[in-house]
Amino acid sequence: MTSWPTLLFIVGYHLLLFITVPLYLMDKTPALGLLVLSGVLVFITGLGITAGYHRLMSHKAYKTNRAVEAVLLFFASMAIEGSALRWCHDHRLHHAHVDTDRDPYSINKGFWYAHILWMFSKSRAIDLTLVSDLNRSPLVRFQHRYYLFCFLGTNLLTYGIVGWIFNDWYGAFVWATLARVFSLHHLTWFINSLAHTWGSQSYSREHSAVDSYILCLLTFGEGYHNYHHTFPTDFRNGIRWYHFDPTKWLIWTLAKFKLAWGLKRVDDVRITRQLMQDHCKVLLEKLQRSYHGQKDQLEGKVKEIHESVVLRLTSLQDLITESKKTAREDMRNLAEEMKEAKKALKEEWRKWKVIVRQIEKEKEHATVA
Ligand SMILES: [Zn+2]
Ligand SMILES: [Zn+2]
């Protein structure tokens, strides 16, 4: 069953954009300020989706107050990506059933299906048990019930302000409305299509999500999608300080001003354990494909060292958890234990690095031969 309103809206505004842009350019050159402001609006409405719909509402990665929630809903409404209740419902289904038939935008149905075509099928009814937490928010309920008013109101208001600033009503429609919505839509849709196709799978190969630095630049940090699908409740998608993730920086800044709290962060030990687990699988697969003479022996060694590293990581993680509950005066003994645990981990890690290098070298010999 086709969802005609969505199909007509999306096809309609694409056609309108492709007609109005050349007509506008034949008539005049857009003011630089108008183009810059349109770009800024793409960024702000994008953050409304990523920090609002995605990390706050779909994943509960942090908490905030009603005022911030209202601001995020305002800009997310302007993005015209459906109500928060609908968006988060579909996104939670995507995470719970990724790459299966129950995933609303499964990449297994093709790149273009995941990018845009899935929206043209009649959307399934919202299962309120999946979003009961969100349904308790009066703001979310209001936005869902009066969605037409919300998306039209926010866009008309912005159009009016931009048109008035530049005294260019046609330009405000073409650049700050049509081109802005077009850009943000495709950038958001890239997360469902490109971020499940093009990139690396460092954390897990259990799902199709990938990490791509280039995509991060285009999607306000959402391009670290392999990490995100592996640890969906982390408020960060790019976990290193230098990873381009403006959504994470916004949430962090809000927290500094006490406007966000309860930021969920997966600890480094758990992340390393996951990375190792996946790396171990890759190594064993490589070994299976190689022609190494003592394959079984080497496989046993890899498993043994891997288990040993994981054991030490787990002990370190337990000590870190314990230290959070320990009073300051009792910390001395625990600090000593943590020091020992780190030393033991370092030793096993060194052995792991040696065997990784060895297998990678063996694989090269096998490939050349
Ligand atoms: Zn995904
Ligand atoms: Zn997600």
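Residues numbered from 1 in each chain as written. Chains lettered and ligands numbered in written order. Predicted model: local features only at pLDDT ≥ 70, side-chain atom pairs only at ≥ 80, totals over all residues. Heavy atoms only, no water.

Caption draft 1: Layout of the domain arrangement of the chain. Once the domains are mapped, the chain shows domain 1 (4-261) and domain 2 (268-368). One C-alpha centre belongs to domain 1, the other to domain 2; they are set 38 Å apart. Together, the buried faces of domain 1 and domain 2 total about 850 Å²; carbon and sulfur atoms form 49% of this surface. In terms of surface lost to domain 2, no three residues of domain 1 exceed Tyr203, Arg205 and Phe231, which account for 60% of the buried area on that side. Between the two partners, domain 1 and domain 2, sit three salt bridges. For Arg205, the salt bridge goes to Glu285, with nearest N and O atoms at 3.3 Å. In this assembly, domain 1 and domain 2 are joined by four residue pairs in polar contact (both at pLDDT 80 or more). (Domains from an automatic or database assignment. Buried area = accessible area lost by both parts, 1.4 Å probe. Salt bridge = Lys/Arg side-chain N within 4 Å of Asp/Glu carboxyl O. Polar contact = N/O pair within 3.5 Å; in protein donor to acceptor, adjacent residues only side chain to side chain.)

Caption draft 2: Seen up close, the coordination of the zinc ion (ligand 1). Bound to the zinc ion (ligand 1) on the protein side are His94 (NE2), His196 (NE2), His225 (NE2) and His229 (NE2), at distances that span 2.1 to 2.2 Å. Each of the four donor atoms around the zinc ion (ligand 1) contributes to a set of angles spanning 94 to 162°, which defines the coordination as irregular. Considered as a linear motif, the donors of the zinc ion (ligand 1) on their single chain read H-x101-H-x28-H-x3-H. A residue pair is termed long-range when its members are at least 10 positions apart, and His94 in helix H4 (residues 84-96) and His229 in helix H11 (residues 225-230) qualify at 135 residues. Across this residue pair, the class does not change: His94 and His229 are buried. (Donors = N, O, S within 2.8 Å, 3.2 Å for Na, K, Ca; no water. Tetrahedral: all angles 85-135°; square planar, octahedral: opposite > 155°, others 65-115°. Helix = DSSP H or I, 4+ residues; strand = E, 2+ residues; numbered from the N terminus. Buried < 20%, exposed > 50% of the residue type's maximum accessible area, 1.4 Å probe, protein only.)

Caption draft 3: Representation of the coordination of the zinc ion (ligand 2) in the model. Distances from the zinc ion (ligand 2) to its protein donors, His54 (NE2), His59 (NE2), His91 (NE2), His95 (NE2) and His228 (NE2), fall within 2.0 to 2.2 Å. Along the chain, the residues donating to the zinc ion (ligand 2) are arranged with the sequence spacing H-x4-H-x31-H-x3-H-x132-H. Taken together, the residues His59 in the loop between helix H2 (32-58) and strand E1 (63-64) and His91 in helix H4 connect sequence positions 32 residues apart. Judged by its relative accessible area of 4%, His91 is buried.

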